[in-house]
Amino acid sequence: MGTIWVLRHGQTTANAQEVIQGPRIDAPLSDLGVRQAASLGDALAGQPIEAVYSSPLVRARDTAEALVRRHQRYDASAKGQLAVQVVPELYEMDYGAFVGRNYTEIRDEMDQVLDAWRMGFVDQPFPGGESATLAQHRIRPFAKRIVEAARDRQVAVVAHGRINRVLIATLTGAGLTRLEEFPQSNASITELDVNGHVTVKRLNDTKHLALASDAFS
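Residues numbered from 1 in each chain as written. Predicted model: local features only at pLDDT ≥ 70, side-chain atom pairs only at ≥ 80, totals over all residues. Heavy atoms only, no water.

**Student:** I'd like a description of the overall build of the chain, backed by residues and values.
**Tutor:** For the chain, the helix and strand inventory stands at 6 helices and 6 strands. Taken from the N to the C terminus, the helices and strands of the chain come in the order β-α-α-β-α-β-α-α-β-α-β-β. Relative to the compact-globule value of 17 Å for 217 residues, the chain shows a C-alpha radius of gyration of 16 Å, a close match. For the chain, the C-alpha atoms occupy an extent of roughly 50 × 40 × 30 Å along the three principal directions. The buried share of the chain, reckoned over its 217 residues, is 56%. Put simply, of all contacts in the chain between residues at least 6 apart along the chain, 71% involve residues at least 24 apart. On the chain, roughly 9300 Å² of surface is accessible, and the fraction owed to carbon and sulfur atoms is 48%. Across the chain, the centroid of the 24 positively charged side chains sits 4 Å from that of the 26 negatively charged ones. (Helix = DSSP H or I, 4+ residues; strand = E, 2+ residues; numbered from the N terminus. Rg over C-alpha atoms; globule rule 2.2 N^0.38 Å. Buried < 20%, exposed > 50% of the residue type's maximum accessible area, 1.4 Å probe, protein only. Contact = heavy atoms within 4.5 Å. Areas by Shrake-Rupley, 256 points an atom, 1.4 Å probe, with all protein chains shown as cover. Lys, Arg positive; Asp, Glu negative; His and termini not counted. Charge placed at Lys NZ, Arg CZ, Asp CG, Glu CD.)

Below, the structure is given as structure tokens:
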């Protein structure tokens, strides 16, 4: 049996202001986000993680690097063996016209899209952006690869609030209508068991943090 750790990046400067980022705004981690990334690394330091995959966006890469550094301090044998592997298709879902706007300004419009997905209209995109179906299409090959990689070992994925939901739904077979059942707070831990099929063992765990943010990524 294996384990896939699905992790969200720490808080960014844009998260702190509730600004929608998607893949078009590559905001750095805030001071809090840096501390959250370190706490995330501490929480998983004792786990025998053999591979770390990351979105190409800096907020995810910096969080993944913090995880690798903590493993290298905890286990000297990890030096030179554990490194961040950037996966281009793991970038955050494109929020289109919502990017750069404050969440409070577009909450109702965003909820309309999310409600449509819940009702099964998963091809409806964010205005000028991606739909749930398109996002799943781009990450499906990676989802297949990571299940194979995790059949008898532990691997970690560091990405974003919404693409993590799509990845979890894809890996577990839950379906895109259930995305809102998989919340992803900043620097949260979701633990998936791989044993013939993929199941959620732990979801959106933030107990390792003194403070977590639910801001959109």
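Let us keep going from here.
**Student:** Describe the pairing of strand β4 (residues 154-159), with residues and values.
**Tutor:** For β4, a buried count of 6 out of 6 residues is recorded, marking the element as mostly surrounded by other parts of the structure. Burial along β4 is two-sided: Gln-154, Ala-156 and Val-158 facing one way and Val-155, Val-157 and Ala-159 facing the other are all buried. Judged from the 6 bridges that link them, strand β1 (residues 2-8) and β4 form a sheet pairing that is parallel. Looking at the pairing, Leu-7 lines up with Val-158 of β4. (Pairing = 2+ DSSP bridges.)

**Student:** Explain empty space enclosed by the protein to me, using residue names and the numbers behind them.
**Tutor:** A full pass over the atoms with the stated rule returns 1 cavity of 30 Å³ or more. Roughly 40 Å³ of internal volume is contained in the largest cavity. In terms of lining residues, the largest cavity is bounded by Leu-114, Trp-117, Arg-118, Leu-176, Thr-177, Arg-178, Leu-179 and Glu-180. (1 Å grid on protein atoms, 1.4 Å probe; cavity = no way out; pocket = protein on both sides within 12 Å on 5 of 7 lines; lining within 4 Å. Points joined across faces, edges and corners; volume = space filled by probe spheres on them.)

**Student:** So what's going on with the side chain of Arg-59? Residues and values would help.
**Tutor:** Residue position: Arg-59 is located in helix α3 (residues 58-74). Overall, Arg-59 belongs to the buried group, its relative accessible area being 0%. Here Ile-25 takes part through its backbone oxygen, which lies 2.9 Å from a polar atom of the side chain of Arg-59. (Polar contact = N/O pair within 3.5 Å; in protein donor to acceptor, adjacent residues only side chain to side chain.)

**Student:** Account for the packing of helix α5 (residues 132-149) against helix α6 (residues 161-172), naming residues and giving values.
**Tutor:** It is at 9 Å that the axes of α5 and α6 come closest, and there the two elements cross at 55 degrees. By the angle between their axes, α5 is oblique relative to α6. Considering how the two elements wind past one another, α5 and α6 form a crossing that is right-handed. In this structure, α5 uses Ala-135, Gln-136, Arg-138, Ile-139, Arg-140, Phe-142, Ala-143, Ile-146 and Val-147 to contact α6, whose residues at the interface are Ile-163, Val-166, Leu-167, Thr-170 and Leu-171. (Axes fitted to C-alpha atoms, helices over the stretch in contact; angles between N-to-C directions. Parallel < 35°, antiparallel > 145°, perpendicular 65-115°, else oblique. Left-handed = near helix turned anticlockwise from the far one by under 90°.)

**Student:** Residue-level account of the pattern of salt bridges, with values.
**Tutor:** The full count for this structure, using the stated rule, is 16 salt bridges. Here Glu-191 makes a salt bridge to Lys-201, at a shortest N to O gap of 3.8 Å. One end of the pair, Glu-191, is in strand β5 (residues 189-194); the other, Lys-201, is in strand β6 (residues 198-205), and 10 residues separate them in sequence. Using a relative accessible area of 56% as the deciding quantity, one classes Lys-201 as exposed. Salt bridges sharing common partners tie together Glu-191, Lys-201, Arg-202, Asp-205 and Lys-207. (Salt bridge = Lys/Arg side-chain N within 4 Å of Asp/Glu carboxyl O.)

**Student:** Go over the side chain of Asp-193 with me, naming the residues and quoting the values.
**Tutor:** With respect to the secondary-structure elements, Asp-193 resides in strand β5. Although Asp-193 is buried, it forms no salt bridge, and the closest oppositely charged side chain is Lys-201 at an N-O distance of 4.7 Å. If near-sequence neighbours (up to four positions away) are discounted, Asp-193 is found in contact with Met-1, Gly-2, Thr-3, Val-198, Thr-199 and Lys-201.

**Student:** Explain helix α2 (residues 31-44) residue by residue, including any values.
**Tutor:** Over its 14 residues, α2 runs 21 Å from end to end, which matches the ideal 20 Å to within 8%, given 1.5 Å per residue. Restricting attention to buried positions, one finds in α2 the residues Leu-32, Gly-33, Gln-36, Ala-37, Leu-40, Gly-41 and Leu-44. (Expected span 1.5 Å × (residues − 1).)

**Student:** Account for the pairing of β1, with residues named and values stated.
**Tutor:** Within a regular beta strand, the side chains point alternately toward one face of the sheet and then the other, so they alternate between its two faces. Burial of β1 is extensive: 7 of the 7 residues sit out of reach of the surface. Of the two faces of β1, both are covered, the one formed by Gly-2, Ile-4, Val-6 and Arg-8 as well as the one formed by Thr-3, Trp-5 and Leu-7. Looking at chain direction, β1 and β5 are connected through 6 bridges and run antiparallel. Its bridge partner being in β5, Trp-5 is matched across the sheet by Glu-191.

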